[in-house]
Amino acid sequence: MTDLSSRVDEITTIISSYVRPQLQAHGGDIALLRVAGEQVFVKVSGSCQACPSLSSTIREVVQETLRGELGLPTLMVTVDDSVSDELIAEALRIIRK
């Protein structure tokens, strides 16, 4: 298994150059969160969050682009859809008012 931790800058550049413009053209966006082994974790925002085609976009656009550019046919991309601790804290502050 390949460890992608040494290629984070390259992954970020690929996402910024090839993937992000495609998603932004449809009102969405994407950010690299972390890598672990051959697993790339991303966060999507904007219209991507509720898009019914998100899983296809991740597979066909994000994952295939990264696989091709990095030469890693087994690379996997996972969307992290968790809520940040900061957002939870802010929601609690609003609720408790």
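Everything numeric here is computed off the predicted structure, so don't read it as measured data.

## Some words on the overall build of the protein
And then number 1: Counting secondary structure elements, the protein contains three helices and three strands.
And then number 2: For the protein, the N- to C-terminal ordering of α and β elements is α-β-β-α-β-α.
And then number 3: Counting only C-alpha atoms and orienting by the principal axes, one finds that the protein spans roughly 50 × 30 × 20 Å.
And then number 4: Split into buried and exposed, the 97 residues of the protein put 30% on the buried side.
And then number 5: At a minimum sequence separation of 6, the contacts of the protein that also span at least 24 residues come to 54%.
And then number 6: Counting only carbon and sulfur atoms, one obtains 54% of the accessible surface of the protein, whose full area is about 6100 Å².

## Focus: the packing of aromatic side chains
And then number 1: Enumeration over the complete set of coordinates arrives at zero aromatic pairs.
And then number 2: Here the guanidinium or amino end of Arg 34 rests over the ring plane of Phe 41, the centre of that ring lying 4.0 Å away.

## Considerations on the packing of helix 1 (residues 8-24) against helix 2 (residues 54-70)
And then number 1: One way to put it is that helix 1 packs onto helix 2 with a least axis distance of 10 Å and a crossing angle of 145°. Viewed along their axes, helix 1 and helix 2 form a crossing whose handedness is right-handed. Residue-level contacts link Glu 10, Ile 11, Ile 14, Ile 15, Tyr 18, Val 19, Gln 22 and Leu 23 of helix 1 to Thr 57, Val 61, Val 62, Thr 65, Leu 66, Glu 69 and Leu 70 of helix 2.
And then number 2: Of the residues contributing to the contact of helix 1 with helix 2, the split by class is ten nonpolar, three polar and two charged.

## Here's the deal with the UniProt feature "domain: NIF system FeS cluster assembly NifU C-terminal" (unreviewed entry) in the protein
And then number 1: Here, UniProt's "domain: NIF system FeS cluster assembly NifU C-terminal" (unreviewed entry) annotation points to residues 11-70.
And then number 2: This span, residues 11-70, is 52% helix and 28% strand, and a straight line between its end C-alpha atoms measures 8 Å.

Scoring rules and cut-offs
Residues numbered from 1 in each chain as written. Predicted model: local features only at pLDDT ≥ 70, side-chain atom pairs only at ≥ 80, totals over all residues. Heavy atoms only, no water. Helix = DSSP H or I, 4+ residues; strand = E, 2+ residues; numbered from the N terminus. Buried < 20%, exposed > 50% of the residue type's maximum accessible area, 1.4 Å probe, protein only. Contact = heavy atoms within 4.5 Å. Areas by Shrake-Rupley, 256 points an atom, 1.4 Å probe, with all protein chains shown as cover. Phe/Tyr/Trp six-rings, centres within 6.5 Å; stacked < 30°, edge-to-face > 60°. Lys NZ or Arg CZ within 6 Å of the ring centre and 35° of its normal. Axes fitted to C-alpha atoms, helices over the stretch in contact; angles between N-to-C directions. Left-handed = near helix turned anticlockwise from the far one by under 90°. Nonpolar A, V, L, I, M, F, W, Y, C, P; charged D, E, K, R; others polar. UniProt positions renumbered as here; feature names shortened; annotations may be inferred.

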